[in-house]
2 protein chains.
Amino acid sequence: MFDVDNAAAKNVLAYIRSLTAFKDKSWEQLYPALSIVTFKKGEYLLEEGKVCQSLFYISEGYCRAYYNKDGKDINTAFFFENDMATNVSSFGQGEPSEYAIQAMEPLTAVKFDKQLLFAAAGQDPDIQVLGRKCLQMIAAKQEKHAAIYKLMSGQERYEYMETNFPELLQRVSLSHLSSWLGVARETLSRIRGRRE
Amino acid sequence: MFDVDNAAAKNVLAYIRSLTAFKDKSWEQLYPALSIVTFKKGEYLLEEGKVCQSLFYISEGYCRAYYNKDGKDINTAFFFENDMATNVSSFGQGEPSEYAIQAMEPLTAVKFDKQLLFAAAGQDPDIQVLGRKCLQMIAAKQEKHAAIYKLMSGQERYEYMETNFPELLQRVSLSHLSSWLGVARETLSRIRGRRE
DNA sequence: GCTCTTTTGTGACGATCGTCACAGGTGCGG
DNA sequence: CCGCACCTGTGACGATCGTCACAAAAGAGC
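Residues numbered from 1 in each chain as written. Chains lettered and ligands numbered in written order. Predicted model: local features only at pLDDT ≥ 70, side-chain atom pairs only at ≥ 80, totals over all residues. Heavy atoms only, no water.

Engineer: Before we move on, could you go through the relation of the copies chain A and chain B and cite the residues and values that matter?
Structural biologist: It takes a turn of 180 degrees to lay chain A on chain B, together with a shift of 0.0 Å along the axis; the resulting RMSD is 0.0 Å. What the superposition gives is, in effect, a two-fold axis relating one chain to the other. Most of the interface of chain A is mirrored in chain B, where 100% of its interface residues are also at the interface. (Least-squares fit on C-alpha atoms with pLDDT ≥ 70 in both. Contact = heavy atoms within 4.5 Å.)

This is the structure:
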């Protein structure tokens, strides 16, 4: 049973309230769809090839989304505290996921179960609004990330991360960061050597 | 006044019905928010620095989204018939747009006015659902595109487009295509020369 | 048909990156 | 304390790409 006094529960509620005015009645409709889940480092929130049945609100720890291309991992996203992690197209269209989402640290998340969430949304238009807002956030985040990828060189992308998301550089290993930046690990090492 | 017998109007209605069961009542609520707009080649659906106030359903012709980086155009998206064109983060958060959307051919679109659309959505939950579905489509499309960008080399991306979106190659000039693929125009020319 | 403009192909060259190989460093468990 | 796994830096080398410059080709307008 979902414990509303849990720290993760309080975090997710605060997150929801930051997105939309949410009545107590909506919250009561919603929370049967929620559960608190924990993952050890290396465990999977979503496995490649499986259909995504949940949204995850990350309460503590972080995870990565990565494709496996010819046996090599290629990271496409990192999700930290207060992020929503999911595979939009798999969740929405029921397609098998082309990538995996994996905990990189011990992780606590609030899971939104798809079936129960849709049932709740059918009862309460404010939950619909919440869903739209979440999608909006996700789409906006993706748009921004695609832009830095298209407009900047590997070096510029690293500097951008350095100034805009310094805490990310603290927590993500350079090997994982490099594939996310789209450069070889060695190149990232040289980028870091060049400056300072 | 929005002419429901117009070809563009019929197209957009068919598009909406493909996304969600839409009652006549919802359609009547929605269509005051719609208008049919046309653009000459080179005209702007959205200018850089302006706040995006509309969604555009593309009925005929196509347009591009592009950033201006140091005086050079960098294309980030093309929108063809039956696509929804907008700047998600500008439309959603009211930020000025960091890129422009420009007609590349004479273009006919159905414009969804933000204010009127929100008013209509407040009246009718099915319009909320439509909005969420559209966002889902947009987010899924972006996710896919980001993936091909991260996983493939310039050459692979070109071959991917060749097999999956051949009509795009017919309509978009190679100069515009190259910046979208993330390679220099000359490199694209050589990629094309290598094969066959 | 003939300009003028835009688009596309090609050649040369230097810069950058990816790959391979290896060494130093750090942390963890036994 | 030792071994082992993982992460990070570094050197050498070849491949690829971007840039500049120019020529060929294709359209658009008169």
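Next comes the rest of the write-up.
Engineer: I'd love a proper account of the sheet that holds strand E1 (residues 34-39) of chain B, names of residues and values included.
Structural biologist: The pairing of strands in a sheet happens through backbone hydrogen bonds and is either parallel or antiparallel. All names here are of chain B. A sheet is described by the order of its strands in space; here 4 strands give the open sequence E1-E8-E3-E6, paired in antiparallel fashion. Whereas interior strands pair on both sides, the edge strands pair on one side only; in this sheet they are E1 and strand E6 (84-85). Contacts from helix H1 (residues 7-19) reach E1, strand E3 (54-60), E6 and strand E8 (107-113), with the element oriented near 110 degrees to E3. Sheet strands in contact with helix H4 (residues 114-123) are E3 and E8, and its direction is about 55 degrees off that of E8. (Pairing = 2+ DSSP bridges. Helix = DSSP H or I, 4+ residues; strand = E, 2+ residues; numbered from the N terminus. Axes fitted to C-alpha atoms, helices over the stretch in contact; angles between N-to-C directions.)

Engineer: Account for the protein's contact with DNA strand C, with residues named and values stated.
Structural biologist: Every one of the 16 residues lining DNA strand C counts as a neighbour, but Thr 187 and Arg 194 of chain A together with Ser 175, Ser 189 and Arg 190 of chain B are closest to it. Looking at DNA strand C alone, sugar and phosphate atoms form 45% of those within 4 Å of the protein. For DNA strand C, a base nitrogen lies 3.3 Å from a polar atom in the side chain of Glu 186 of chain A. At the level of elements, helix H9 (185-194) of chain A together with helix H8 (174-181) and helix H9 (185-194) of chain B are the ones that each hand at least two residues to the surface near DNA strand C. Of all the elements, H9 of chain B adds the most residues to the surface near DNA strand C, at 5 residues. Taken together, the residues of the surface near DNA strand C break down into 3 nonpolar, 5 polar and 8 charged. (Near = heavy atom within 4 Å. Polar contact = N/O pair within 3.5 Å; in protein donor to acceptor, adjacent residues only side chain to side chain. Nonpolar A, V, L, I, M, F, W, Y, C, P; charged D, E, K, R; others polar.)

Engineer: Which residues make up the protein's contact with DNA strand D, and what values do they have?
Structural biologist: Taken together, 16 residues sit near DNA strand D, with Leu 174, Ser 175 and Arg 190 of chain A together with Thr 187 and Arg 194 of chain B positioned nearest. Taking the atoms of DNA strand D that fall within 4 Å of the protein, sugar and phosphate contribute 44% of them. Between a base nitrogen of DNA strand D and a side-chain N or O atom of Arg 190 of chain A, the distance comes to 2.8 Å. Glu 186 of chain B has a polar side-chain atom sitting 3.3 Å from a base nitrogen of DNA strand D. Of all the elements in the fold, those that place two or more residues in the surface near DNA strand D are helix H8 (174-181) and H9 of chain A together with H9 of chain B. Per-element tally for the surface near DNA strand D: the top contributor is H9 of chain A, with 5 residues. Split into classes, the residues belonging to the surface near DNA strand D amount to 3 nonpolar, 5 polar and 8 charged.

Engineer: Tell me about the side chain of Ser 54 of chain A, and name the residues and values.
Structural biologist: Residue and element names in this part refer to chain A. Inspection of the secondary structure assignment puts Ser 54 in strand E3 (residues 54-60). Residue class for Ser 54 comes out buried when judged on its relative accessible area of 7%. Excluding its chain neighbours within four sequence positions, the residues that come into contact with Ser 54 are Thr 86, Phe 91, Lys 111 and Phe 112. (Buried < 20%, exposed > 50% of the residue type's maximum accessible area, 1.4 Å probe, protein only.)

Engineer: Just give me the short version of the interface of chain A and chain B, but keep the residues and values in it.
Structural biologist: With 31 residues of chain A at the contact, the number on the chain B side is 31 residues. Here chain A and chain B share an interface that buries about 3,200 Å² over both sides, 58% of which is from carbon and sulfur atoms. Of all residues in chain A, Glu 143, Lys 150 and Leu 151 of chain A give up the largest surface area on contact with chain B, accounting jointly for 23% of the area buried on that side. Inspection of the chain A/chain B interface yields 4 salt bridges. Residue Lys 144 of chain B is joined to Glu 95 of chain A by a salt bridge in which the shortest nitrogen-to-oxygen separation is 3.6 Å. Between the two partners, chain A and chain B, sit 9 residue pairs in polar contact (both at pLDDT 80 or more). In terms of residues, the side of chain A that touches chain B owes the most to one element, helix H5 (residues 125-151) of chain A, which gives 16 residues. Along the lines of polarity and charge, the residues of the side of chain A that touches chain B split into 12 nonpolar, 12 polar and 7 charged. (Buried area = accessible area lost by both parts, 1.4 Å probe. Salt bridge = Lys/Arg side-chain N within 4 Å of Asp/Glu carboxyl O.)

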